[in-house]
Each structure stands twice: as C-alpha cells, then as structure tokens.
Amino acid sequence: MVCPNRRLATLTKQLTGHVNAGRHRDALAFFARMATDPALPPLTDPSFAYAFPLALKSSAALRRPSAAASLHALAHKCGGVLQSPFVASALVASYGACASPEAARSLFDELPCRNAVVWSAMISVYVRSGDVAAAALALGDMDVAPTASCFNSVIAAVAESGEHPGQAIELYRCMAGMGVKPSLITLLALVPACAVMGALGSVREVHGFAVRHGMSTSCHLGSSLIEAYGRCGSLVGAQRVFDLVEERDVVVWSSVVSAYAFHGHGDVAMSLFGRMELDNVRPDGIMFLGVLKACGHAGRADDALNYFDVLTKMYGVEASGDHYSCLVDVLGRAGRLQQAYDVIRTMPVRVTAKAWGALLAACRKYGDVGLAEIAARALFEIEPENAGNFVSLANIYSGLGMHVEAERAERKYPEATADAHEQARRFRASSVHVHDGSDGTFLTADTGVPPWDGAPTPRHLLPQRHLLVLLPLGQAPVAVVSASRHAPGRPAHRHHHRIGAKQGSFSAQERESSKRVWPAGDHAWG
C-alpha cells in the first residue's frame, strides 16, 4: 500500500505540471479531486500547504474570484493551513488578481500570521495595480523586518513609473540602514532610475556595490550599466564595464554601440559592430537601430544603406517602422531628401509620424518646400492634434521669405499653433542636468514656472533660471546657478557661485523644504 504522504507528494508534482503548463482549469479540477481523495492525508496535514498555493495561482490566472473564495473557505475550515506563509501570500495575491487590492488588503488584515513573505505579496498586489504610493506606504508600515524582495518590488515600481526616480535611489540607500543587502534584481531595477536622472554619482555608487559583491560581470547588469554610463555622459565608464563583462551577448554589444552613437562617435560604434561580428554574435533589431544612429551621427549615409541591406538580407533582421524612420533620418541629415522620400514611399510597413517628421526636419534644414508640403500633409492626417507640424511648415515658409504661405499655414490651426509658439518660447532653451557628487545633488532647471508658493515642489519645477544644491539635513550652504537662455543647438552658459545660507535667492523655508523632500548625498556602502 502506498504511503498517503508519498502519494500526496506525487499528486502535488502532477498539479505543479498542470500549473506550469498553463492548464489552469485542469489544475483546479485536479486539486478538487485531491481534496476529496480518501487515500490522501486530511487537508489539515501540513503537506497540503504546498498544494493550496498552486490552486490559488490557477484561480488568479483565470481571474475567477469564486474559485479564490472557495479555496479561502476551504483553507479557513482547515485552520492550520492559513498559518503557512505560502498559503497566506498566495491568497493575498489571488484576491489582488481576481478581485481588487482593497479585497486583498481586507484579507491581509485578517490573517493570523503575517511575515515578510505575506507583506511582500501585499506590496506586489499594490505594485501590479499601479498604486506605487500604497506599495511604498505598506513597505513603511511593515511590523516585521523587510526582505530584499519587499524593497525590490517598490524600487522597480518607482523606477518604471519614471515620475520620481530619485525615490528609488533613496529606497536603495534605506536598505543599507536597515541591514538588508540588495540583490542583483535590486540593482537591475535601480540602474535605469539613475540613468533617467542623469545622476552619474549614483550610477558609480551602484556600480561600486556590484563590484564589491561580485555582480559586475553579469551580462544583464553590465548592459544596464553601460547604457546608464552612456546616458550620463561617461563613455569611459561605459567602456570599462564593457571590458569587464565576461559573456557579452547581443544586448551588451547593443548597449555599448548605442552609447557611442548617442555621443556622436559613429566611427567607434561601427567598429564595435565589426568586432561583434568577429565574435559570432548575431545582431538583433535593437543593434540594428544603434548602427543606423551611428551612421547618422557620422554622416555616412552610404554605410547606413549598406548596413540596412546586410542586417535585413544576411542576418534576417526584420525592419520595423522605427528602422525605416531612422534610415530616413540618416538620409535627410546627409541632404539626400529625394532618396529619403523614396524610402518612405516604398516602405513595406506602415509609415509612422517619425518617418514623416524626420523628412520634414530635413526639409527645414535644406529648404526643400515641395517635399516639406508633402511631409506636412501626411503628418496632418496622422496626428492632426500636433500643432508642432503646422509650426514647422510655417517656419520653413518664413525661412524662405514666403510669409503669406506661413500665415496661411498658421491660420489652419490658430489656437494650437499659438500654444506651440508659447511652449517653444518657454522651453526652447530649457535644460535639466543632475550632478550627484560630494557636495550634494545639483539640479539645473530653466522652465519659466511661477515663483515657488511654499508647497513641496517637484525637482523639474524649480524656479526659473536657478539651481538649488540639495544637501543632507544639517548642512547650511546652498548654491545658485543662473542659466542664460541660448539659441537652439548651442550650449547654455551656466554661472556657478558658492554662497552662504543667507545670501541665496531662496528663503530659509524654501531651502529647508527642498532638503526635507529630497535628501541627497553619495552614501557608498557595501
């Protein structure tokens, strides 16, 4: 006679197979037979705690609240099953997927035993529902020691939202204070937030932690760090990471090629593509884009056409609308407007606004009115709400002295073009730059917004033409920078000067509020 516990283990493996294969209806039916099988141990047996989460996972995948409620009632009757953190966390996750975060929270508050695993499940429910604030609040309300998984969910959600990337960095630093060691998943979620902010000091901080803990050679983290260094303007850092990555896949190669292309080093980017071919790494669509952008920055339209043929015909990379748009941009930059228009006319995919926009921009640069009108008409049909297209066409007319045609173009959409002109006036020379160094986090912003009214203000809405150094609490000095307006395409002139706490153009209340909302500092730790 087969031992009941051994039979339960065998059936649980079969149940796992149904769930992993996506046969969720079969999984629920299989669990129902297990629950009524007299040859198995009773449901109160601790071994059944491994089967309950599998059934709950299937109910969540099917979005069946009734199934989740039935399993909840069954677990409640069994008493001890709900003591298992695996069952409790699976119930919370299932209610969050099948019903609502509020239902999951109501169940969570009633659970008799809540450890870090259950808290992590509740935080994940908030994250999946898009309520990042509630997830962060739950993390702060934990009555048990949080794990890296709890932090990872919130850090990833904050970074992906893109609204307040600095909070992701502060959460990472908070982990240090609580003695929680970040994992590779933490760093993978954190690096894009550093890149979005342009905070080179934070990128170096994360990179240093990865080196000290043996994570820097990971190809996944390596590609992310290369991209972050490239976005922050440090090609030296990007190259250093690239040289240390042990197994370079196409993502790593794409990241370094894109970094050099982003900074205008097209020749270096194309030589790296050649090295990648020698390493027998097959390019993909992202690498395709990086190479085309490199050709554009280097002004090598013929090479772009050759790479386009090689990648599509030799490597079988399927060109998308983005690839064709990039090719149009390369040809337009080189002044080959008719050839760029021919590419648009013969594209086998749907022509996007990016392609027509690239052609229109090239027409403005080279003064081709005929093709500009064709591109503008196409853009009016694709995105009629975008007043910038009307303004671009009007500017082309004005640049050639065709003022009557320019006025006619603007009269077609007077309200929208007025808004576009106002936006261009306010933001033409706007810039945001973050410097994360030993003196604090520097942020420049020239946004033309009204003076600060005393309410906590996001970083990108700092008062016009001023830079505020956000220092850790307790440090008085601040710095103010005037950023003079400049013509498009020319660098802004920034005048830095160090001042005392009483000399700044911000009141003490403003400085304290800014320091309170956004603490700064380079807290390297390991």
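Residue numbers here run from 1 along each chain, matching the order of that chain's written sequence. Confidence filtering applies because this is a predicted model: local features only for residues at pLDDT of at least 70, side-chain atom pairs given and counted only at 80 or more, and all residues used for totals across whole chains, interfaces and linings. Just so you know, side-chain values use all the structure's heavy atoms and leave hydrogens and water out.

1. Points about the packing of helix α22 (residues 369-382) against helix α23 (residues 387-399)
So the rule is basically this: For helices, the fitted line uses only the C-alpha atoms of the stretch in contact; every axis is such a line through C-alpha atoms, and the angle between N-to-C directions lies from 0 to 180 degrees. Helix and strand definitions here come from DSSP, where helices need a minimum of 4 consecutive H or I residues and strands a minimum of 2 consecutive E residues; each element is numbered from the N-terminal end. Relative orientations are named as follows: roughly parallel for angles under 35 degrees, roughly antiparallel for angles over 145 degrees, roughly perpendicular for angles from 65 to 115 degrees, and oblique for any other angle. Handedness of each helix crossing follows the sense of rotation of the near helix against the far helix: counterclockwise by less than a right angle gives left-handed, clockwise gives right-handed. By definition in these notes, contact holds between two residues if any of their heavy atoms fall within 4.5 Å. Put simply, Ala, Val, Leu, Ile, Met, Phe, Trp, Tyr, Cys and Pro go in the nonpolar bin, Asp, Glu, Lys and Arg in the charged bin, and everything else, Gly too, in the polar bin.
Interaxial distance between α22 and α23 falls to 10 Å at its minimum, and their mutual angle equals 165 degrees. When the axes of α22 and α23 are compared, the pair comes out roughly antiparallel. The element α22 and its partner α23 pack so that their crossing is left-handed. Of the residues in α23, those touching α22 at Val-369, Ala-372, Glu-373, Ala-376, Leu-379 and Phe-380 are Asn-389, Phe-390, Leu-393, Ile-396 and Tyr-397. Grouping the amino acids of the contact of α22 with α23 by side-chain chemistry returns 9 nonpolar, 1 polar and 1 charged.

2. Section: the side chain of Ser-120
Mapped onto the elements, Ser-120 comes out in helix α7 (residues 116-128). For Ser-120, the contacting residues outside a window of four places in its chain are Ser-149 and Cys-150.

3. Some words on unusual backbone geometry
Where we set the bar: Throughout this description, buried means an accessible area under 20% of the type-specific maximum (1.4 Å probe, protein chains only), exposed means over 50%, and partly exposed covers the range between.
Positive phi, normally seen in glycine, also occurs at Arg-63, with a value near 55 degrees. Mapped onto the secondary structure, Arg-63 falls in the loop between α3 (52-62) and α4 (65-78). Given a relative accessible area of 52%, Arg-63 falls into the exposed group.

4. Details of the confidence of the model for the protein chain
Condition: Per-residue confidence from the predictor is given as pLDDT, running between 0 and 100.
Of the residues in the protein chain, 77% have a pLDDT of 70 or more, and the chain-wide mean is 78. Taken element by element, the predicted model of the protein chain shows its lowest mean pLDDT in helix α26 (residues 508-517) (33) and its highest in helix α20 (residues 337-345) (94). A low-confidence stretch, residues 426-526 stays under pLDDT 50, and its non-local contacts, those more than four residues away or across chains, total 173 contacts.

5. Side note on the packing of helix α5 (residues 85-98) against α7
Look at α5 against α7: their axes get within 8 Å of each other, and the N-to-C directions meet at 15 degrees. Here α5 is positioned roughly parallel relative to α7, judged by the angle of their axes. Crossing geometry of α5 relative to α7 is assigned as right-handed. Facing α5, whose interface residues are Pro-85, Ala-88, Ser-89, Val-92, Ala-93 and Gly-96, α7 presents Val-117, Val-118, Ala-121, Met-122, Val-125 and Arg-128.

6. Examining the pattern of salt bridges
Heads up, the condition is: Throughout this description, the term salt bridge denotes a Lys or Arg side-chain nitrogen within 4 Å of a carboxyl oxygen of Asp or Glu.
Taken as a whole, this structure holds 14 salt bridges when the rule is applied. Note that Arg-300 is salt-bridged to Asp-303, the shortest N-O span being 2.5 Å. Via salt bridges that share partners, Arg-105, Asp-109, Arg-114 and Asp-143 belong to a single interconnected network.

7. Overview of the packing of aromatic side chains
Just so we agree on the cut-off: In summary, the pairing rule links any two rings of Phe, Tyr or Trp, Trp by its six-membered ring, whose centres are within 6.5 Å, and it sorts them by plane angle into stacked for under 30 degrees, edge-to-face for over 60 and tilted for everything else. We call a charge positioned above a ring when the Lys NZ or Arg CZ atom is no farther than 6 Å from the ring centre and deviates by at most 35 degrees from the ring normal.
Under the criterion given, the structure shown has 8 aromatic pairs. Following the ring pairs from residue to residue traces out a cluster consisting of Phe-288, Phe-308 and Tyr-324. It is Arg-248 that lies over the ring of Phe-242; its NZ or CZ is 4.2 Å from the centre.

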